Amino acid sequence: MAPNPAAQTAFGPMVLAAVEQNEPPERRLVDDDLAQLFLPPALRRLVAATRYAPVRRLVIRASEFTGPGLWANLACRKRFIGDKLADALGDVDAVVILGAGLDTRPYRLTRQVRIPVFEVDLPVNIARKAETVRRVLGGPPLSVRLVALDLERDDLLTSLAEHGYLPDYRVFFICEGVTQYLSEATVRRTLEGLRAAAPGSRLVFTYVRRDFIDGTNRYGTRTLYRNVRQRRPLWQFGLQPDEVAGFVAEYGWRLVEQAGPDELVERYVESTGRKLKASQLEWSAYAEKA
């Protein structure tokens, strides 16, 4: 199987989560005690070095070279998703994570509740995840199901059903850092499938702005734009903030909240005393099935 470039992006968010764990608790944007363990040896060594504040600052500063403000974006979107999931846990029957990568959320979630969690990703990432979970935890908990599929080709609900998903589940769907890697047709087909979700289901997702995809505004990230649009069109889909409510409504979802970078920085970063700015490139949204 030819390597899928999108599959290689699974490491970055987990490096961020692991590095953040080395911040003092009052300065930490992400709290994830499993993140470092889920990384391969070379990245675990890098993260271990960030226990020293000067090295940690250097790593964060280096990440800003590709996309200024993206460290805060990734950290804040994780917090936003975590807050929405925590608020909804008593009202949902299952969690589905699209593009799960190396996310440790399912395994931390089992410490709180025993509801089914479906991790969906490309076959190469699911194989890597299964191996990682065996290494770190001895194997996945019974409540966690690994679902290998390619959203561009495979039917999501059919694949979920093969792993025990029930159509009457009220589901909390998470789509973090995924939509930009999909074609518009695939995003629409996925949402069309989710139209069948039971009333009371929730959907939290992130998106990049469409004016970045079409090159109208590069948001100060020339290197990132060159990497994901010019050298190879890894990022394909985007939305504008004023389009989101209408877009999800086409598929039976009601936009409950949309959080831009400035709001997320105010909500999560300012209280830590850290001087991190977020890029206007990426936004987060939360919707409910009518």
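Residues numbered from 1 in each chain as written. Predicted model: local features only at pLDDT ≥ 70, side-chain atom pairs only at ≥ 80, totals over all residues. Heavy atoms only, no water.

Participant: What am I meant to see in helix H1 (residues 11-20) here?
Facilitator: Within an α-helix, residues lying three or four positions from one another point in the same direction, as the helix has 3.6 residues per turn. The buried fraction of H1 amounts to nine of the ten residues, a majority that puts the element mostly inside the structure. Structurally, H1 contributes buried residues whose contacts are with helix H2 (41-49), helix H3 (53-66), helix H4 (70-88) and helix H6 (123-137). (Buried < 20%, exposed > 50% of the residue type's maximum accessible area, 1.4 Å probe, protein only. Helix = DSSP H or I, 4+ residues; strand = E, 2+ residues; numbered from the N terminus. Contact = heavy atoms within 4.5 Å.)

Participant: Looking at this structure, I do not really get the nonpolar core. What am I missing?
Facilitator: Across soluble globular proteins, nonpolar side chains show a tendency to be buried alongside one another. If you look at the biggest cluster of nonpolar residues, it comprises 49 residues, and the most contacted ones within it are Val 95, Phe 172 and Ile 174. Contributions of two or more residues to this core are made by H1, H4, strand S1 (94-98), helix H5 (105-109), H6, strand S3 (144-148), strand S4 (171-175) and helix H12 (261-269). If we skip the residues at most four places from it in the chain, Ile 174 touches Ile 81, Leu 85, Val 95, Val 96, Ile 97, Leu 98, Arg 105 and Val 204. Residues Ala 94, Leu 151, Tyr 207 and Phe 247 belong to the second largest nonpolar core, which totals 34 residues. (Core = buried A, V, L, I, M, F, W, Y, C linked by side-chain atoms within 4.5 Å.)

Participant: Would you take a moment to explain the packing of aromatic side chains for this structure?
Facilitator: Within a pair of aromatic rings, the relevant descriptors are the distance that separates the centres and the angle that separates the planes. Using the criterion set out here, one finds eleven aromatic pairs in the structure. Between Phe 173 and Trp 253, the ring centres sit 6.3 Å apart and the planes meet at 85 degrees, which makes this aromatic pair edge-to-face. Here the residue Phe 173 occupies a position in strand S4, and Trp 253 occupies one in strand S6 (residues 253-259), the gap between them amounting to 80 residues. What makes Phe 173 buried here is its relative accessible area of 0%. For Trp 253, a relative accessible area of 3% gives the class buried. (Phe/Tyr/Trp six-rings, centres within 6.5 Å; stacked < 30°, edge-to-face > 60°.)

Participant: Would you explain the pairing of strand S7 (residues 282-289) in this entry?
Facilitator: On a regular strand, each side chain points to the face opposite its neighbour's, so the side chains alternate between the two faces of the sheet. Of all eight residues that make up S7, seven are buried, and the element is covered over most of its length. Bridging between strand S5 (residues 202-208) and S7 involves seven bridges; their strand directions are antiparallel. Residue pairing for S7: Arg 202 is matched across the bridge by Glu 288. Both S6 and S7 contribute to a ladder of six bridges, which runs antiparallel. Note that in S7 the partner of Leu 255 across the bridge is Ala 287. (Pairing = 2+ DSSP bridges.)

Coordinates in, geometry out; function isn't part of it.
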